[in-house]
Structure formats: structure tokens, C-alpha cells
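A structural walkthrough
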Amino acid sequence: EPEVTQTPSHQVTQMGQEVILRCVPISNHLYFYWYRQILGQKVEFLVSFYNNEISEKSEIFDDQFSVERPDGSNFTLKIRSTKLEDSAMYFCASRDSPTEAFFGQGTRLTVV
Amino acid sequence: AQSVSQHNHHVILSEAASLELGCNYSYGGTVNLFWYVQYPGQHLQLLLKYFSGDPLVKGIKGFEAEFIKSKFSFNLRKPSVQWSDTAEYFCAVSGRGYQKVTFGTGTKLQVIP
């Protein structure tokens, strides 16, 4: 069964460092999303991406965040200068129809 | 703006007990409704979804949910839970098309053998 894969599963970084979280969406999907879940809180939408551009972003997705689909298969989330409060589980999702978004297993980001 | 409320944050049940998890949503248009489950250490998986048609939706693992438009509710039910149902359950809503999915705060279900 096709699935969304995310790497790494866990990343520890120092405050102020840049991190790139990687996702490989399901191959024929065209709509991509990033969500995050701070420990003990709900899953929050960050950004949606279609046709090589951002289609919607939340207030959380400020100038420190960026997304890219560099090579037609990967979908990356970059955080330029991490803060302690960026520590969370980050989920990538992809869709080929409105009926269901498929989620990856997540990357746990710990900023120290 | 769309929002989702889940009333129960933590539910503890014995095996074979019946389950009902409440979910209310707020959205100014036609909605798509979902229940996702997250087993410990795993990713979000779709349990069931409602798009249109029969408001009683059946999903995997014996779960079902009923869409009541007048109450803006989409409660999740299972007649008899098992220990393996221990997980966190998220109600979610999106508008039509490929819009973002908005999640509720989740309900942690613990089933005691």
C-alpha cells in the first residue's frame, strides 16, 4: 500500500539552527500539506502546497518557515532559525482527491 | 473560520464497553468530516469519513459515526471496545475540495483488559 514517508523520524537541533524536514508524498498525489502537533496539543495546520506554490498558510507559518518541492518527489519544510517552541511532531500529508489526506509517521523535532 | 470541539479529553473504558466520543464542528459551508486514529508511536490513520449521502457512516475496525447536520455533530461510536482500540482519536473537518483539514484537540482512549 502506498504511503507517505518522512525523514528523519527524530531530529534534535540547537536553538537558532536551520532544520529541513523531508517528506516523500504518495507518487501520484498533487496536494501536499504540513501540520504540527506540539506535545499534548492538537494537530495544527501549517501550510498547503499545490502546483509548486503555497495555496494556503496559517499564522504559525511565518517567515522562518518555507516549503519546497525540489525534485518532483520530495516535499520539504525548512525552519531557518529554530526556537524552543518549534519543538513538536511535524506531519506531512498528501492527497489526490478531496476524500482523504494520507499522513506520514511524523518527524519529532526537539530544539534544545 | 472552521473549528472542531471534542468534549472528552481522556476516556477510560473496560473491554466490551460501548464507546461514544463527541465531536461538534463549526463551518460556514458544506463540510467533509473525518475521524482519525493515532495508535501509540504511529501516524494518523483514517477511521472513517463523511462526504454526502447516508449520515451514518461505517468505518474500519467496527467504528461508525453519525452526522447530525442540525446539531453540527459527528460523534464516533463503537458497540464493544477492545484493548487494541487504545489510541488517540481526532475528529476533523474540511471544506469541499482540497482545503486544509482542521483537527479537534483529540480524545485519548484507554481500554482496560
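On a predicted model such as this, the values are computed, not experimentally measured, just so you know.

Reading the values: rules and limits
- Residues numbered from 1 in each chain as written.
- Chains lettered and ligands numbered in written order.
- Predicted model: local features only at pLDDT ≥ 70, side-chain atom pairs only at ≥ 80, totals over all residues.
- Heavy atoms only, no water.
- Buried < 20%, exposed > 50% of the residue type's maximum accessible area, 1.4 Å probe, protein only.
- Helix = DSSP H or I, 4+ residues; strand = E, 2+ residues; numbered from the N terminus.
- Pairing = 2+ DSSP bridges.
- Core = buried A, V, L, I, M, F, W, Y, C linked by side-chain atoms within 4.5 Å.
- Contact = heavy atoms within 4.5 Å.
- Buried area = accessible area lost by both parts, 1.4 Å probe.
- Salt bridge = Lys/Arg side-chain N within 4 Å of Asp/Glu carboxyl O.
- Nonpolar A, V, L, I, M, F, W, Y, C, P; charged D, E, K, R; others polar.
- Phe/Tyr/Trp six-rings, centres within 6.5 Å; stacked < 30°, edge-to-face > 60°.
- Disulfide = S-S within 2.5 Å.

**Side note on the pairing of strand 1 (residues 3-6) of chain B**
Residue and element names in this part refer to chain B.
- Here strand 1 shows a buried face lined by Val-4 and Gln-6 and an unburied face lined by Ser-3 and Ser-5.
- Two strands pair when backbone bridges link them, and strand 1 and strand 4 (residues 23-26) are joined in this way by 4 bridges, in the antiparallel orientation. Each bridged residue has a counterpart across the sheet, and for Val-4 the counterpart in strand 4 is Tyr-25.

**What about the nonpolar core?**
- Residues Leu33(B), Trp35(B), Leu47(B), Leu48(B), Phe74(B), Leu76(B) and Tyr89(B) are the most contacted members of the largest nonpolar core, which totals 29 residues.
- Residue contacts for Tyr89(B): discarding those within four places in its chain leaves Gln6(B), Leu21(B), Trp35(B), Tyr36(B), Val37(B), Leu47(B), Phe63(B), Leu76(B), Gly106(B), Thr107(B) and Leu109(B).
- One finds Cys23(A), Phe49(A), Tyr90(A) and Leu109(A) within the second-largest nonpolar core, a separate group that totals 22 residues.

**Brief notes about the interface of chain A and chain B**
- Opposite the 19 residues of chain A that make contact, chain B presents 19 residues.
- Surface buried jointly by chain A and chain B totals about 1,800 Å² across both partners, of which 59% is contributed by carbon and sulfur atoms.
- Linking chain A with chain B are 1 salt bridge, by the criterion used here.
- Lys100(B) is paired through a salt bridge with Glu56(A); the nearest N and O atoms lie 3.4 Å apart.
- Within the residue set of the side of chain A that touches chain B, elements represented by two or more residues are strand 4 (31-37), strand 5 (43-50) and strand 9 (88-95) of chain A.
- In terms of residue count, strand 4 of chain A provides more of the side of chain A that touches chain B than any other element does, 4 residues in total.
- Grouping the constituent residues of the side of chain A that touches chain B by class yields 9 nonpolar, 5 polar and 5 charged.

**A short note on the packing of aromatic side chains**
- Tallied over the full model, the rule gives 20 aromatic pairs over all chains.
- On the numbers, 5.3 Å between centres and 85 degrees between planes, the contact of Phe103(A) with Tyr36(B) is edge-to-face. Here Phe103(A) is found in strand 10 (residues 102-103), whereas its partner Tyr36(B) is found in strand 5 (residues 31-38) on a different chain. Per residue, the accessibility class of Phe103(A) equals that of Tyr36(B), and both read buried.
- Residues Phe90(B) and Phe103(B) carry aromatic rings whose centres are separated by 6.3 Å and whose planes lie at 90 degrees to one another, so their mutual orientation is edge-to-face. Of the two residues, Phe90(B) sits in strand 10 (residues 87-95) while Phe103(B) sits in strand 11 (residues 102-103), which places them 13 residues apart along the sequence.
- Note on Phe90(B): relative accessible area 0%, which makes it buried.
- The exposure class of Phe103(B) is buried, given its relative accessible area of 1%.
- Counting every residue linked through ring pairs, the aromatic cluster contains Tyr33(A), Tyr35(A), Phe45(A), Phe103(A), Phe34(B), Tyr36(B), Phe51(B), Phe90(B) and Phe103(B).

**Overview of the state of the cysteines**
All names here are of chain A.
- All chains considered together, the criterion is met by 2 disulfides over all chains.
- Here Cys-23 engages in a disulfide with Cys-92; their sulfurs sit 1.9 Å apart. Between Cys-23 and Cys-92, the S-S torsion sits near -65 degrees, and that sign places the bridge as left-handed. Of the two residues, Cys-23 is situated in strand 3 (residues 19-24) and Cys-92 in strand 9; the sequence distance between them amounts to 69 residues.
- The class for Cys-23 is buried, based on a relative accessible area of 0%.

**Notes on the side chain of Ser66(A)**
- Its place among the elements puts Ser66(A) in strand 7 (residues 65-68).
- For Ser66(A), the contacting residues outside a window of four places in its chain are Phe61(A), Thr76(A), Leu77(A), Lys78(A) and Arg80(A).

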